[in-house]
Amino acid sequence: MIRIAAVGDVHVDEDVVGRFRPALEELPDCADVLLLAGDLTRHGTESEARCVAQEFGNLGVPVITVLGNHDHQCDQVPQVVNVLEDVGITVLEGTGTVVECAGGRLGVAGVKGFGGGFAGRCASDFGEPEMKSFVRTTNESSEALAKALRALECDLLVALTHYSPVPDTLAGEPLEIYPFLGCYQLGQAIDSAPTALALHGHAHHGTERGTTPGGVRVRNVAHPVIKQAYSIFHLGDHLVG
């Protein structure tokens, strides 16, 4: 059994530092790894990243993250990544990593992802260059996730994204913004590998549980949804959490 703690959309800035830390200090007793599903900051500045590093660094368990759309806002992604990696946080973008846990080898592949919508109500690679560019970003991101998932050699495999791979976990959000909250291509990528669990954030008013067309369990771990410092998932023959 592998114990996974996860949360997203913490939007840390100076006024948030210390809010999560008391619960995070307990992680070594209840989890083997912490996964962060993006939107770590409010505006993606280097100074906000330092606040994230202070809050989520040096926890006694490996911390793995993807970035979110907020983390890209100020075009300081390289600086944000450097600050996080300096305190040992692994940042994934079309890449994967394997963590040795007492319950086995956990593989985590991650990508921010992008929008586009879902089957029957999605953007298509047709028409204006701007639309083609939008869909190309969606496809390239999803293909990178699929490649990273398939490349990992592990006992249990988890997909970590910011954008949602399924519409199920968006229930509660306005239908009009579904195309900006996720895309079906991420679900296809997750289903292309023996993925045991998919975690995402981004949908603050969404729903916690969903399933890909291929049967992979999906969990929306956005902080406004789970309403706690993190959720714990016990991953083995069956998912608990």
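Residues numbered from 1 in each chain as written. Predicted model: local features only at pLDDT ≥ 70, side-chain atom pairs only at ≥ 80, totals over all residues. Heavy atoms only, no water.

*Asks:* What should I look at first to understand the pattern of salt bridges in this one?
*Replies:* Oppositely charged side chains can pair when the atoms bearing their charge come close. Scanning the model with the defined rule gives six salt bridges in all. Overlapping salt bridges bring together Asp 13, Asp 15 and Arg 42 as one network. (Salt bridge = Lys/Arg side-chain N within 4 Å of Asp/Glu carboxyl O.)

*Asks:* Teacher, can you tell me more about the nonpolar core here?
*Replies:* General note: in soluble globular proteins, nonpolar side chains tend to be found buried as a group. Within the largest apolar cluster, 30 residues are counted, with the highest numbers of intra-cluster contacts made by Leu 24, Leu 27, Leu 34, Phe 56 and Leu 84. Secondary structure elements with two or more residues in this core: β1 (2–7), β2 (33–37), α3 (46–56) and α4 (77–86). Sorting elements by how many residues they give to this core places α3 first, with five residues. Ignoring any residue separated from it by four or fewer positions in sequence, one finds Phe 56 in contact with Val 10, Val 12, Phe 20, Arg 21, Leu 24, Leu 34, Leu 36, Val 63 and Ile 89. (Core = buried A, V, L, I, M, F, W, Y, C linked by side-chain atoms within 4.5 Å. Buried < 20%, exposed > 50% of the residue type's maximum accessible area, 1.4 Å probe, protein only. Helix = DSSP H or I, 4+ residues; strand = E, 2+ residues; numbered from the N terminus. Contact = heavy atoms within 4.5 Å.)

*Asks:* Help me out: how do you make sense of the UniProt feature "domain: Calcineurin-like phosphoesterase" (unreviewed entry) in the protein in this one?
*Replies:* The UniProt record marks residues 2–166 with the feature "domain: Calcineurin-like phosphoesterase" (unreviewed entry), using the residue numbering of this structure. Across residues 2–166, the secondary structure splits into 32% helix and 25% strand, with the terminal C-alpha atoms separated by 24 Å. (UniProt positions renumbered as here; feature names shortened; annotations may be inferred.)

*Asks:* I'm lost on empty space enclosed by the protein in this one. Help?
*Replies:* It is the rolling of a water-molecule-sized probe over the atoms that shows where space remains empty. Summed over the entire model, instances satisfying the criterion amount to one cavity of 30 Å³ or more. Size it by volume and the largest cavity reaches roughly 30 Å³. Those elements that place two or more of their residues in the lining of the largest cavity are α5 (129–151) and α6 (184–191). Ranked by residue count, the leading element in the lining of the largest cavity is α5, at three residues. Residue composition of the lining of the largest cavity, grouped by class: five nonpolar, four polar and no charged. (1 Å grid on protein atoms, 1.4 Å probe; cavity = no way out; pocket = protein on both sides within 12 Å on 5 of 7 lines; lining within 4 Å. Points joined across faces, edges and corners; volume = space filled by probe spheres on them. Nonpolar A, V, L, I, M, F, W, Y, C, P; charged D, E, K, R; others polar.)

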